[in-house]
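Residues per chain, in single letters:
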Amino acid sequence: MTDQHKLVRANDGEGEAPSPDRGAWRLQVYPLAIIVALALAVILGAVAAGGSSAPAESLGGDYPAFYGAGQIASAGDWDNLYELDRQAEAQAGLHATTDGAVARFYAYPPQVAAAYQPLAGLDYHWSYLLHTMIMALFLWGAVLLVRPMIPWLRGYVGLAVAAALLFWPMFRAVTGGSNTALTVFLIAAAWRLVHEDQQLGAGLVLAGLLYKPQFAVPMIGLFLLGRYWRVVSGAAVGAVVFYVSGAVLQGWNWGVDWIEVAAD
């Protein structure tokens, strides 16, 4: 019997042998469908909140604090950035109130308030929507950055991003007006730079975490314990730049004042 006849008999009545990649397309298409569905839900929610008299009651979670801080920064009122009454004034119209003013307190460094100035120039619901998109892109960027260190991610970036977005704490952070995705992005960027032997650059990136020192100090401390001296040197230079940028906005004593506010 010829090889051709053997092949015909082997396939006769049994159909084609299953391909190991037959279901692989699902791992590409389904995650993208999930991401699109989540994006549409956020867009519809933002549009619906546009006609509300108190949009922050249904949209944004922590975002009113950043939105209000951006408005204070736009007004140049840096001396009152951490005054509760001033923050309540900046957030007026975002919350439903029956007695007195309501505000979500802003306790980040002044540089963060400056970064939110452009977003504060938009209506609240559009500002929230743009912020959510930016944070989702930071999360996507973090996954792209770690591909060389996590080989299985290659070809499954969409799957990894969808899984990250469906992880409840990250989902709440991205859709709740928080900046956790930025923190993840900075950590991923520093890891990638160390992997590429760009240690000074990694230190500079880690200094960006000083907007949340509870992350910056342990991360830089780990590199110090590991004797990554160039990483630590880059972080020290970045810390100086970070402090000087704050001094430009609020004076040289801003660090002490901010720590007191953050501790409270």
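Values in this document were obtained by computation on a predicted structure and should not be read as measured data. Position numbers for residues count from 1 along each chain, tracking the sequence in the order it is written. Confidence filtering applies because this is a predicted model: local features only for residues at pLDDT of at least 70, side-chain atom pairs given and counted only at 80 or more, and all residues used for totals across whole chains, interfaces and linings. Hydrogens are left out, water is left out, and the side-chain values use all remaining heavy atoms of the structure.

Asker: Pulling in residues and values, what's your account of the overall build of the chain?
Answerer: When helices and strands are tallied, the chain shows 14 helices and zero strands. Helix and strand definitions follow DSSP, with helices as H or I runs of at least four residues and strands as E runs of at least two, each counted in order from the N terminus. Listing the helices and strands of the chain from first to last along the sequence gives α-α-α-α-α-α-α-α-α-α-α-α-α-α. Only protein chains enter the accessibility calculation, which uses a 1.4 Å probe; a residue is then buried when its area is under 20% of its type maximum, exposed when over 50%, and partly exposed in between. The burial tally for the chain puts 38% of its 264 residues in the buried class. Sequence-distant contacts in the chain: of pairs separated by 6 or more residues, those separated by 24 or more amount to 69%. Only heavy atoms matter for contacts: two residues are in contact if any of them lie within 4.5 Å across the pair.

Asker: Lay out the packing of aromatic side chains with the relevant residues and their values.
Answerer: Note on ring pairs: Phe, Tyr and Trp rings are taken, using the six-membered ring of Trp, and paired if centres are within 6.5 Å. Classes follow the plane angle, with under 30 degrees stacked, over 60 edge-to-face and the rest tilted. Tallying each qualifying case throughout the model produces 17 aromatic pairs. Ring geometry for Y63 against Y124: centres 5.8 Å apart, planes inclined by 50°, an arrangement best described as tilted. Linking Y63 in helix α3 (residues 63-74) with Y124 in helix α7 (residues 124-145), this pair joins segments that are 61 residues apart in sequence. Across this residue pair, the class does not change: Y63 and Y124 are buried. Consider the rings of F66 and Y116, whose centres lie 5.0 Å apart with planes at 20°: the pair is stacked. Separated by 50 residues along the polypeptide, F66 in helix α3 and Y116 in the loop between α5 (110-115) and α6 (117-120) bring together distant segments of the chain. Y116 matches F66 in its accessibility class, with the two residues each being buried.

Asker: Any details on the nonpolar core? Residues and values, ideally.
Answerer: Within the largest apolar cluster, 47 residues are counted, with the highest numbers of intra-cluster contacts made by Y63, L81 and Y106. The residues touching L81, leaving out its near neighbours within four places in the chain, are A69, I72, Q87, Y106, P110, A113 and Q250. Among the nonpolar cores identified, the runner-up in size contains 17 residues, and A142, A160, V174 and A188 belong to it. The definition of a nonpolar core used throughout is a set of buried Ala, Val, Leu, Ile, Met, Phe, Trp, Tyr and Cys residues joined through side-chain atoms within 4.5 Å.

Asker: Talk me through the side chain of Q111; I want residue IDs and the actual numbers.
Answerer: Within the secondary structure, Q111 sits in helix α5. Residue class for Q111 comes out buried when judged on its relative accessible area of 14%. Among all residues touching Q111, those that are not within four sequence positions of it are F242, S245, G246, L249 and W254.

Asker: Describe the packing of α7 against helix α10 (residues 180-195), and please don't skip the residues or the numbers.
Answerer: Helix axes are fitted only over the stretch in contact, all axes being lines through C-alpha atoms; the angle between N-to-C directions runs from 0 to 180 degrees. Where α7 contacts α10, the two axes come as close as 8 Å, and the packing angle between them is 20°. In terms of orientation, α7 lies roughly parallel with respect to α10. The chirality of how α7 crosses α10 is left-handed. Between α7 and α10, the contacting residues are M135, F138, L139, G141, A142, L144 and L145 on the first element and A181, L182, V184, F185, A188, A189 and R192 on the second. By the definition adopted for this analysis, an angle is roughly parallel if under 35 degrees, roughly antiparallel if over 145, roughly perpendicular if from 65 to 115, and oblique otherwise. Crossing handedness is defined as follows: a turn of the near helix away from the far one that is anticlockwise and smaller than a right angle gives a left-handed crossing, while the clockwise case is right-handed.

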